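# Breakdown of the fold
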Amino acid sequence: MTTPSVPDLLEVTDLRTVFHTARGDVRAVDGVSFRLAAGETLGLVGESGSGKSVLGRTVMGLISSGPTTTVTGSVRIGGHDVHALKPSARRRLWGPEVAMVFQDPMTSLNPVKRVGTHLTETLRRHLHCSRTEATERAVDLLRQVGIPEPARRLRQYPHELSGGMRQRVVIATALACDPRLLIADEPTTALDVTVQKQILDLLGSLVAERDMAMLLVSHDLGAVAGRTDRVQVMYAGRTVESGATRPVFAAPEHPYTEALLASIPNLAHPPHTVLRAIEGNPPDMARPPLGCRFAPRCGRAAAGCTDELPLLVGVPGSAGVTGREVACHHPVGLSAPLEGNRHGR
Amino acid sequence: MAGSGTAHLRTDRERSLVVDDLVVEFPVTHGTVHAVSGLNLDLLPGETLGILGESGCGKSSAGRAVMQLPPPTSGSVHLGEVELTGLKAREMRRARARMQLVLQDPVSALNPRRKVKDLVVEGLEIWGWAERRRDTFVDELLTSVGLDPESVREKRPHELSGGQCQRVCIARALALDPEVLICDEPVSSLDVSVQAQILNLLEQARERYGLSMVFIAHDVAVVKNISDRVLVMYLGKTCEVLPSDGLERNALHPYTRLLLASVPSEADADRAPAGVEAAPGSKAVELPSPLDPPSGCRFRTRCPLATDRCAAEEPRLRELRPGQFVACHHPDPTLADPTLADPTLADPTPEE
């Protein structure tokens, strides 16, 4: 996984994405930092409105500063500062450096273009292939993503394919220029369970084969648990907990992570087990609560929680667990507040 | 399966809902969509039946046909003693009060122009309750589904969150004191933390009002949690009917096993990622169309155990263990033991 000598492929530092709306400023992503090395898979999990998708798109550079949006902080992909680049230079990054797989495979393909056109268009533009060369490579790409009869599929339109098959085409398009970083935004949410497993397996093997880095954005904790090296849990635009996937899920430190895991029905439990629901609803991001954003719904909240925003600080002590961070005044596994969170902002 | 049969029906018991040989077909330009092909089910008073299946398996069509929205192509639906198919409009309206539906998208299920206080008692209004009597009932209903009457009574659906809208939908359904509640994917559009609230609420409502429930969903763990009995559907037919307790260990039908093996979990990390060309399941398979379902067992095109017999003869539901009915020619009991579960089962054989 992470080798200290190699600089990280992706570096996100104190990223903030603020949308200026009629209801006020919506701070969709509010100070998020992380790193990702080649060959590593990072899961971004959270509920709707937690800012995980906006974060994915801001990393890609699809959301950037403009009249209605302010992006601050930095995103560096392979040394390039995505948000400091001119749009034309940013477009050159898309494809060879970073590519994205979106949630809904029907709307991310152009319905009036053949499957082949989606692929050859990318290849010709970014890799300057000739027409025949592009077609050969397109057939090869479709074969790599497990589509039977690739030559025939090239001539079909998106509506002629099933949802799972379309998502494979979207993945093939994303892979066309051999990106070093793949951002998958809820790649299987629109698909059936059995197909979902196939697509996740496919992404996993492609990442391993090509030594790509992958950012897997998902609300499905099960999918993230089995497919990522590290995980970052988001709530209301901020990271509440991050670390190696297994320890985070096995022994969550943040009350939100713990509550989220406990609220999912578990196949191992007998029927009619009362679920530990999280009361209340996620906050309105135009008017986030003061202090810790989870405090109004948190079972461990104490007086200080609603005044001071907890910072993301390393979890000390636990041997063998490295890079574990939590943003909480009263983490689950610790009785005393963490150093650095005694004086929040 | 995907087969048919009536072996799982409990004719000797008192039943609140009996569905007999339900067929739902929709004519389209080039043929007929066979959404539900001969579904049989029954529901005991106070029981929850989970219908599990993927999109296109006919689970929603079945739920709606039971409600007669629209009426099924053929087959019969008995609610208590009343046969619902072929009822006159006026009698149908009377029967519908005893059977209520909760839909997937709670926001679009509510009239955006009406206030919560009117939405929850709309059914009572239709049944001629006086306005004053209705108004006193509003607060009781809202409280019973965990909403604060003071803060939501005057609001319209767009001012509420998805979870709150689903609570309003459930309050609306409970207002008429139904015997049977049909829930069609009631939690699939909600966030995980809110999903648990709604599932707990449905359990409470079932206990408090003595409801019988049909719970339609695609999520195995959700269905197991809320149901007493689970019916697995594939392409309009029944694969397996089994008690939800121990479902993950006991399931025998290859399709149920496939569904269980597809549930994403931490265990996925333990399998070394195989190459795309090498892994059997990484090849895409076109699913059969409900316009032209496969002969015999409808699951055979994806089934690792399929033989010639599966194409020629439709399997019928057989009781293989007490209370567990399987429609399969080759149910392999070794599959029911998770330690022996074959990982290749998770991966349907590539079909060219």
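Residues numbered from 1 in each chain as written. Chains lettered and ligands numbered in written order. Predicted model: local features only at pLDDT ≥ 70, side-chain atom pairs only at ≥ 80, totals over all residues. Heavy atoms only, no water.

## Thoughts on the packing of aromatic side chains
Let me state the cut-off plainly: Each Phe, Tyr or Trp ring, with Trp reduced to its six-membered ring, pairs with another whose centre is within 6.5 Å; inter-plane angles below 30 degrees give stacked pairs, above 60 give edge-to-face pairs, and intermediate values give tilted ones. Counting from the N terminus, the helices are DSSP H or I runs at least four residues long and the strands are E runs at least two residues long. Between buried and exposed lies partly exposed: a residue is buried under 20% and exposed over 50% of the maximum accessible area for its type, with that area taken using a 1.4 Å probe on protein chains only.
Applying the stated criterion across every chain yields a total of 7 aromatic pairs over all chains. With a centroid separation of 5.2 Å and 80° between ring planes, the pair formed by A:Y235 and A:F294 is classed as edge-to-face. With A:Y235 in strand 9 (residues 230-235) and A:F294 in the loop between helix 10 (255-262) and strand 11 (313-314), this residue pair connects regions lying 59 residues apart in the sequence. For the pair A:Y235 and A:F294, a shared accessibility class is recorded, and that class is buried. Centre to centre, the rings of B:Y234 and B:Y255 are 4.7 Å apart; their planes meet at 55°, and the pair counts as tilted.

## Focus on the sheet that holds strand 5 (residues 80-81) of chain A
Paired through their backbone hydrogen bonds, the strands of a sheet run either parallel or antiparallel. Going by this rule: A pair of strands is treated as paired once DSSP finds two or more bridges between them.
Across the sheet, 4 strands lie side by side as 2-1-4-5 (chain A); this open sheet has antiparallel pairing. Each edge of the open sheet is held by one strand with a lone partner, namely strand 2 (24-36) and strand 5 of chain A.

## Comments concerning the pairing of strand 10 (residues 237-243) of chain B
All names here are of chain B. Along strand 10, 6 of the 7 residues are buried, which leaves the element largely enclosed by surrounding structure. The pairing of strand 9 (residues 229-234) with strand 10 spans 6 bridges and is antiparallel. Residue L231 lies in a different strand from strand 10, and its bridge partner there is V241. Connecting strand 9 to the next strand, strand 10, in antiparallel fashion are 2 residues, including L235 with a positive phi near 45°. Here strand 10 pairs with strand 12 (residues 324-326) via 2 bridges, running antiparallel. Residue pairing for strand 12: E240 is matched across the bridge by V326.

## Here we look at the sheet that holds strand 12 (residues 325-326) of chain A
All names here are of chain A. For clarity, the threshold we go by: Whether two residues are in contact is decided by their heavy atoms, any of which lying within 4.5 Å being enough. A fitted line through C-alpha atoms represents every axis, and for helices the fit uses only the stretch in contact; the resulting angles, taken between N-to-C directions, go from 0 to 180 degrees.
Taking strand neighbours across the sheet as the criterion, the 8 strands line up as 6-7-8-3-9-10-12-11 in an open arrangement whose pairing is mixed. Because the sheet does not close on itself, it has two edges, and the strands there are strand 6 (98-101) and strand 11. In this sheet, strand 9 lies alongside strand 3 (residues 41-45) in parallel orientation, the contact comprising 4 bridges. Counterpart to G43 in the pairing with strand 9 is V231. In this fold helix 6 (residues 163-175) packs onto strand 6 and strand 7 (181-185), with an angle of close to 175° to the strand it touches most, strand 6.

## Some words on the nonpolar core
Residue and element names in this part refer to chain B. To keep things clear, this is the line we draw: Buried Ala, Val, Leu, Ile, Met, Phe, Trp, Tyr and Cys residues form a nonpolar core when they are joined through side-chain atoms within 4.5 Å.
Judged by nonpolar contacts, the single largest core of 63 residues is most densely connected at V120, V168, I170, L181, L202, F215 and Y255. Per element, the largest residue contribution to this core is 8 residues, and it comes from helix 7 (residues 162-175). Ignoring sequence-local partners within four residues, the contact set of Y255 consists of E54, V232, M233, Y234, C239, F299 and R302.

## A look at the pattern of salt bridges
Formally: Take a side-chain nitrogen of Lys or Arg and a carboxyl oxygen of Asp or Glu: if they are within 4 Å of each other, that pair is a salt bridge.
Inspection of every chain in the model, using the stated rule, returns 38 salt bridges over all chains. In this structure, B:R309 and B:E313 form a salt bridge, with 3.3 Å as the shortest nitrogen-oxygen distance. Take B:R309: its relative accessible area is 39%, and that puts it in the partly exposed class. In the salt-bridge network here, residues are joined through shared partners; they are A:D14, A:R16, A:R27, A:D30 and A:R293.

## Some details on the interface of chain B and chain A
What counts here: In this description, buried area is defined as the sum, over both parts, of the accessible area (probe of 1.4 Å) that is lost when the two are combined. Two N or O atoms form a polar contact when they lie within 3.5 Å of each other; inside protein one atom must be a possible hydrogen donor and the other a possible acceptor, and for residues adjacent in sequence the pair counts only when both atoms belong to side chains. When residues are grouped by polarity, Ala, Val, Leu, Ile, Met, Phe, Trp, Tyr, Cys and Pro land in nonpolar, Asp, Glu, Lys and Arg in charged, and all others, Gly among them, in polar.
Taken residue by residue, the interface counts 56 residues in chain B and 55 residues in chain A. Summed over both partners, the interface of chain B with chain A comes to about 4400 Å²; 53% of that surface belongs to carbon and sulfur atoms. Joining chain B to chain A, the criterion identifies 15 residue pairs in polar contact (both at pLDDT 80 or more). For the side of chain B that touches chain A, the secondary-structure elements that each account for two or more residues are helix 8 (192-209), helix 9 (220-226), helix 10 (247-250) and helix 11 (254-262) of chain B. At 10 residues, the largest contribution of residues to the side of chain B that touches chain A is made by helix 8 of chain B. Class assignment for the residues of the side of chain B that touches chain A results in 22 nonpolar, 16 polar and 18 charged.

## So, the packing of helix 3 (residues 115-127) of chain A against helix 4 (residues 131-144) of chain A
The relative placement of two packed helices comes down to the angle between their axes together with the axis-to-axis distance. Residues and elements named next belong to chain A. Formally: What sets the label is the angle itself: under 35 degrees gives roughly parallel, over 145 gives roughly antiparallel, 65 to 115 gives roughly perpendicular, and the rest give oblique. Crossings are sorted by hand: turned counterclockwise from the far helix by less than a right angle, the near helix makes the crossing left-handed, and turned clockwise it makes it right-handed.
At a closest axis distance of 9 Å, the pairing of helix 3 and helix 4 adopts a crossing angle of 120°. Comparing the axis directions of helix 3 and helix 4 gives the class oblique. Seen from above, helix 3 lies across helix 4 with right-handed handedness. Contact with helix 3, carried on its side by V115, L119, T120, L123, R124 and L127, involves R131, A134, T135, R137, A138, L141 and L142 of helix 4 and no other residues of that element. A breakdown of the residues in the contact of helix 3 with helix 4 according to their chemical character gives 8 nonpolar, 2 polar and 3 charged.

## Focus: the domain arrangement of chain A
Residues and elements named next belong to chain A. Rule in force here: Each domain span listed reflects an automatic or database assignment of domains.
By domain assignment, chain A separates into domain 1 (10-235) and domain 2 (254-326). Each of domain 1 and domain 2 has a C-alpha centre, and the two are 28 Å apart. With 11 residues of domain 1 at the contact, the number on the domain 2 side is 15 residues. Both sides of the domain 1 and domain 2 interface together cover about 1200 Å² of buried area, and 60% of this is carbon and sulfur. It is R23, L221 and Y235 in domain 1 that bury the most area against domain 2; as a group they hold 50% of the surface buried on that side. Here domain 1 is connected to domain 2 by 2 salt bridges. Where domain 1 meets domain 2, there are 4 residue pairs in polar contact (both at pLDDT 80 or more). At the level of secondary structure, the elements contributing two or more residues to the side of domain 1 that touches domain 2 comprise strand 2 and strand 9.

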